[in-house]
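# Observations on the three-dimensional arrangement
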Amino acid sequence: MKNEVTKFPHSASLFRFCRRVLDQKYGGVRIIDQDVGQILGFDPADCSHWKKGKKNVRSIQAIKGIATYLGVDERLVRDLAAGEVSDEEAYFEFTGYGPTQVDAKLMEAAKKEYYRMYAASWSKERELEFRTLFTVDKRVIAAFVEEIHERIGFREPPFYIPELLAVYPDLLLNAEQLSDAGTRSDFRYRLAVSIAEHFLRSRELSPSREAASAVEGLQKYLAHVDEVAANLFAFYLLSPTALLHTEIAKLDVAYDLISQLAEKFWVSKSFVNRRLKELLVS
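Residues numbered from 1 in each chain as written. Predicted model: local features only at pLDDT ≥ 70, side-chain atom pairs only at ≥ 80, totals over all residues. Heavy atoms only, no water.

### A word on the packing of aromatic side chains
Put simply, the test is: Two rings from Phe, Tyr or Trp (for Trp, the six-membered ring) form a pair when their centres sit within 6.5 Å of each other. Planes less than 30 degrees apart are called stacked, planes more than 60 degrees apart edge-to-face, and all others tilted. Secondary structure elements follow DSSP: runs of H or I no shorter than four residues count as helices, runs of E no shorter than two count as strands, and numbering proceeds from the N terminus. Categorising residues by exposure relies on relative accessible area from a 1.4 Å probe, with only protein chains included: less than 20% of the type maximum marks a residue as buried, more than 50% marks it as exposed, and the intermediate range marks it as partly exposed. Only when the NZ of Lys or the CZ of Arg is both within 6 Å of the ring centre and within 35 degrees of the ring normal is a charge said to sit over the ring.
Per the stated rule, a full pass over the model turns up 19 aromatic pairs. Judged by centre distance (6.1 Å) and plane angle (55°), the rings of Phe92 and Tyr189 are tilted. Taken together, the residues span a long stretch of sequence, with Phe92 in helix 6 (residues 87-95) and Tyr189 in helix 12 (residues 185-202) at a distance of 97 residues. Each member of the pair, Phe92 together with Tyr189, is buried. Ring geometry for Tyr160 and Trp266: centres 5.3 Å apart, planes at 85°, overall edge-to-face. With Tyr160 in the loop between helix 9 (138-152) and helix 10 (163-167) and Trp266 in the loop between helix 16 (257-265) and helix 17 (269-281), this residue pair connects regions lying 106 residues apart in the sequence. Cation over ring: Arg184 sits above Phe187, and NZ or CZ is 4.1 Å from the ring centre.

### Thoughts on the nonpolar core
Going by this rule: Put simply, a nonpolar core is a bunch of buried Ala, Val, Leu, Ile, Met, Phe, Trp, Tyr and Cys residues held in one set by side-chain atoms that sit within 4.5 Å of each other.
In this structure, Phe134, Tyr189, Ile195, Phe199 and Phe233 are the most contacted members of the largest nonpolar core, which totals 54 residues. Where this core is concerned, the elements lending two or more residues are helix 7 (104-118), helix 8 (124-133), helix 9, helix 12, helix 14 (219-238), helix 15 (241-250), helix 16 and helix 17. Here this core gets 13 residues from one element, more than from any other, and that element is helix 14. In this structure, Phe15, Val21, Val77 and Ala81 belong to the second largest nonpolar core, which totals 25 residues.

### A few points about the confidence of the model for the chain
Cut-off, in case you're wondering: The pLDDT value tells you how sure the predictor is about a given residue, anywhere from 0 up to 100.
Of the residues in the chain, 89% have a pLDDT of 70 or more, and the chain-wide mean is 86. The least confident element of the chain is helix 13 (residues 209-213), whose mean pLDDT is 52; the most confident is helix 4 (residues 60-70), at 95.

### Some details on the pattern of salt bridges
How we decide: By convention in these notes, a salt bridge is any Lys or Arg side-chain nitrogen within 4 Å of a carboxyl oxygen on Asp or Glu.
Enumeration over the complete set of coordinates arrives at 19 salt bridges. Among the salt bridges present, the one from Glu127 reaches Lys111, with a minimum N-O distance of 3.0 Å. Residue Glu127 is found in helix 8, and its partner Lys111 is found in helix 7; the two are separated by 16 residues along the sequence. Overall, the relative accessible area of 17% leaves Glu127 in the buried class.

### Examining the environment of Arg126
Note the threshold: In protein, a polar contact means a hydrogen-donor-capable atom and an acceptor-capable atom, both N or O and within 3.5 Å, with residues adjacent in sequence counting only if both atoms are side-chain atoms; elsewhere, any N or O pair within 3.5 Å suffices.
With respect to the helices and strands, Arg126 occurs in helix 8. Here the alpha-carbon distance between Arg126 and Tyr114, two residues twelve residues apart in the chain, equals 9.3 Å. Of note is the side chain of Arg126, whose polar atom sits 2.9 Å from the side chain of Glu129.

### Some words on the environment of Asn273
To keep things clear, this is the line we draw: The contact criterion used is simple: two residues touch if any of their non-hydrogen atoms lie within 4.5 Å.
Tracing the backbone shows Asn273 in helix 17. In this structure, the C-alpha to C-alpha distance between Asn273 and Ser259, residues 14 residues apart in sequence, is 10.0 Å. Once residues lying within four places of it in the same chain are set aside, the contact partners of Asn273 are Arg75 and Ile258.

### Some details on helix 4
Residues lying three or four places apart along an α-helix face the same way, a consequence of the helix completing one turn every 3.6 residues. Quick reminder of the rule: For this quantity, the arc is that covered by the directions from the helix axis to the C-beta atoms.
Looking only at helix 4, the buried set comprises Ala62, Ile63, Ile66, Ala67 and Leu70. Buried residues in helix 4, looked at end-on, bunch into an arc of 125°, giving them a common side. Those residues of helix 4 that are exposed and aimed more than 90 degrees away from the buried face are Ile60, Gln61 and Thr68. Buried residues belonging to helix 4 abut helix 1 (9-25), helix 3 (44-51) and helix 5 (74-81). Backbone geometry just downstream of helix 4 places Gly71 in the positive-phi region, at approximately 75°.

### Here's the deal with helix 15
Where helix 15 is concerned, the buried positions are Leu243, Leu244 and Glu247. Taken down its axis, helix 15 places every buried residue within 105° of arc, on the same side. Away from the buried face of helix 15 by more than 90 degrees, exposed residues Ala242 and Ala249 are located. Buried residues belonging to helix 15 abut helix 16 and helix 17.

Written as structure tokens, this is what we have:
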């Protein structure tokens, strides 16, 4: 017997996204289909039809209601309902791209731990060592990424990840990763982070990092700093500042600027929002 064709696949995708968000928000609490249906006040029958893609959920009221209930960007729900992104991509957008600046509270805790370990020998030199260890220098990372762009001749978006392989043979990426990187913005970003981790390990951006990582109690703080550095690297790799300025100057102001940049750089709208915010506060 042939599988039944889903009449409204984007609505079914929207249902899956809603359920995953509810699962994340109420972790540990069992979420059932009707919990998702309650977002729009659906009875069990309508809920079942929505889940199976038999009910088209894409009205303005429904989109606003879902976005408000879940606490997510309305544009993300709209793009999902229109089929512009998959539920996997939308969920990645919801969960976020990770930090691009060091968390002040976390670093305060790290400093207390650092002081506790070296209280008997605390000095200005030890203070400087701490700052060096737990500081992410955006300029250094941006300059490092610029070297990579210059080496592969990247002067116009989008950034083609496979081009790195010809110049950096020690960067090992499998065919599946490369294929995914060319089709989905979330895969491109994840791969860019993996590339960041490879390059950051190969450069001594923090000479004392290796020694300090062996000290019990500091690993989780160092992991946070590494995550920030990798995220910044990924943002700069896919959308360098100079090219952003160049492309922004070319945009047609009669249309959505965020959408235009996302299309130019092969990234998501959420990525562009995060990147522009990071650019403005730098």
